[in-house]
Amino acid sequence: MHNKKNNIATLVFPPSYTIDELPRVALASILRIHQINPVIASDLAVSLQQKVKEVIINDSTVEIDYQVTEKEILIEIRCANKTTSLKTKLF
């Protein structure tokens, strides 16, 4: 889902779905759409995958929000009662 008002794209994974590499693929797509050099966010992509694995609880929905501003990329990961965030500056 994409929210133009807040410029946030959200991925929602149901409990029965194995997400594996999809959060990183979504990040790569967002970087391409916004014409951001992927080198800037390479550490963010690795951190994203690690954080997703940390918050996943079996049989729970996982939601990931991606927001790109003029200065940074913000990612929020939610699963059950756990929430974590990542960000990186673009410049």
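## Thoughts on the nonpolar core
Step number 1: Formed by 23 residues in total, the largest nonpolar core has its most connected members in Leu27, Leu48, Ile64, Tyr66, Ile73, Ile75 and Ile77.
Step number 2: Broken down by secondary-structure element, the contributors of at least two residues to this core are α1 (22-33), α2 (42-55), β3 (62-68) and β4 (72-79).
Step number 3: Every residue in contact with Leu48, bar those within four places of it in the chain, is listed here: Pro23, Arg24, Leu27, Tyr66, Ile75, Ile77 and Leu86.

## Quick look at the side chain of Asp65
Step number 1: Counting through the fold element by element, Asp65 comes out in strand β3.
Step number 2: Only 2.8 Å separates the side chain of Asp65 from the side chain of Arg78, close enough to count as a polar contact.
Step number 3: The contact partners of Asp65, leaving out residues within four places of it in the chain, are Ile8, Ala9, Thr10, Leu74, Ile75, Glu76 and Arg78.

## A few points about α1
Step number 1: For α1, which comprises 12 residues, the first-to-last C-alpha distance of 16 Å matches the rise-based estimate of 16 Å (1.5 Å per residue) to within 8%.
Step number 2: Residues of α1 that are buried: Pro23, Ala26, Leu27, Ile30 and Leu31. Looking straight down α1, one finds its buried side chains confined to an arc of 140°; they lie on one side.
Step number 3: Tucked into the core, α1 has its buried residues touching β2 (8-13), α2, β3 and β4.
Step number 4: Among the residues trailing α1, Gln35 stands out with phi positive, at a value near 55°.

Analysis parameters
- Residues numbered from 1 in each chain as written.
- Predicted model: local features only at pLDDT ≥ 70, side-chain atom pairs only at ≥ 80, totals over all residues.
- Heavy atoms only, no water.
- Core = buried A, V, L, I, M, F, W, Y, C linked by side-chain atoms within 4.5 Å.
- Buried < 20%, exposed > 50% of the residue type's maximum accessible area, 1.4 Å probe, protein only.
- Helix = DSSP H or I, 4+ residues; strand = E, 2+ residues; numbered from the N terminus.
- Contact = heavy atoms within 4.5 Å.
- Polar contact = N/O pair within 3.5 Å; in protein donor to acceptor, adjacent residues only side chain to side chain.
- Expected span 1.5 Å × (residues − 1).
- Arc of directions from axis to C-beta.

Purely geometric numbers; function is a separate question.
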